[in-house]
Every structure is written in C-alpha cells, then in structure tokens.
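Read off the chains here:
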Amino acid sequence: MEAAYGKGNGEQELELGGELAIGVTDRMQIVAEVPFVLVDPDDGPQHNGLGDITMGFQYNLVQGPDFSFGVRSGFVIPSGDEDRDLGGGQFVWEPNLLGALRVGQSEIYAGVGGEVHTGNGDPNAFTYTISGAYPWRQLIGSVDLSGTVSGDAHEIYLAPGLWWNVVDYLQSGIGVPIGLTSDSVDVQIKTLLVFEFF
C-alpha cells in the first residue's frame, strides 16, 4: 500500500494505491497497481476517483547473491477520468532495465527506461534512477536520485527515506522527494506499507 502527496503546478494531489506483486518463478514477478486519486486545484472544484491502473512484469536475467540484472515492462491503462485530472487519458508503455549490487551491508540500485505514450498527448520520456540503502538494526536508511526527461522538461528529485522492518513480513517506510529543477513538483511526501505473503 502506498500514499503519496504532491503540491505544485496549481494543484494539490493525494494518491492512495494498492499494489500486488506475485512471484511466478524465483526470477519473474507480475505486478498490478490500482490507485485512488484526490485532486484539489487552486482555481476549481475538488475531484476524486479511480486513477490510471498499471500492470506489468519483471524478470531477472542475472540473479546472484550480490548482483542482479533484469528487465521490467509496465503498461499504464487510462482508467482515470482525464477531464477530472484523475488520469493521463492514454496508454503508456514503460520499459526498464534494472540492476542491483550488494557492497558489504549496503545495497545500490540503478535503472534506466522510458515512457512511450500513445496518441497525441504527452511526449515520450526517458527515465533514470540510482539509489542506495544501508541497514541499522530494524531501520534502513535510503537515498534516491531520479529523473524524467520529456520534451523540453527535465524533472529531477532527490529523495531521502527511512524504512522500518516491523516484523519479518511487514515493512513501513517514508520518503520525501525534493525537486531539484523548475519542472519538478514543489512538495512531495510518500509513505509505504509492505506486506509479504509466502
């Protein structure tokens, strides 16, 4: 489960999402995410409802104790009402290459990918991210640098975060993405609650 709050571009937005990831094999997962979105524009009425649903899969081509490399393919389904700012109004394909490296107790993650939009809406985009995590007792500190280049716009975020391993099958986390460019959203807060079922 995820909750994300953002403020910028003339509106405030709160998104509550549920994500289900199922391991088909030890190398492959299928994923589905269903969001509920609340949008509060500065100069209009508030809207809320179902957002755009995302479905996809991830497959690790290389999987070892200290290194993994894989591909992920996501598909955004325009289920949110575009006229009420609840969705983008077009199908989006999101291909990604992902890597993970363990160095001592720390972990480093990196990814590059894109957003391929259908129709005459938003331009296609290039995305990238690199992040690190380090555990301390039941806590895990993390920092994430991510960006999206789309047309003339370039959004970059630096997101410090903190995870808490409540018990073996339950994690809770919070992150605060900080926009580093004029195209980035002004204020964001993200919280996560992760359940693992065996």
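Residues numbered from 1 in each chain as written. Predicted model: local features only at pLDDT ≥ 70, side-chain atom pairs only at ≥ 80, totals over all residues. Heavy atoms only, no water.

A word on a negative patch on the surface
Here is step 1 of the chain: Residues Asp81, Glu82, Asp83, Asp85 and Asp122 make up a contiguous surface patch of negative charge.
Here is step 2 of the chain: For Glu82, the position within the fold is in the loop between strand 6 (67-77) and strand 7 (92-103). (Patch = residues over 30% accessible without salt bridge, like charges linked within 9 Å, V, L, I, M, F, W, Y side chains within 5 Å. Areas by Shrake-Rupley, 256 points an atom, 1.4 Å probe, with all protein chains shown as cover. Salt bridge = Lys/Arg side-chain N within 4 Å of Asp/Glu carboxyl O. Lys, Arg positive; Asp, Glu negative; His and termini not counted. Charge placed at Lys NZ, Arg CZ, Asp CG, Glu CD. Helix = DSSP H or I, 4+ residues; strand = E, 2+ residues; numbered from the N terminus.)

Here we look at the pairing of strand 3 (residues 28-41)
Here is step 1 of the chain: Where strand 2 (residues 11-23) meets strand 3, 13 bridges bridge the pair, whose relative direction is antiparallel. Within strand 3, the position partnered with Leu20 by the bridge is Ala32.
Here is step 2 of the chain: Across six bridges, strand 3 lies against strand 5 (residues 53-63) in antiparallel orientation. What sits directly across from Ile30, in strand 5, is Phe57.
Here is step 3 of the chain: Sheet analysis places strand 3 next to strand 4 (residues 47-50), joined by four bridges and oriented antiparallel. When the bridges of strand 4 are listed, Val39 appears paired with His47.
Here is step 4 of the chain: Adjacent in sequence and paired antiparallel, strand 3 and strand 4 are bridged by five residues. (Pairing = 2+ DSSP bridges.)

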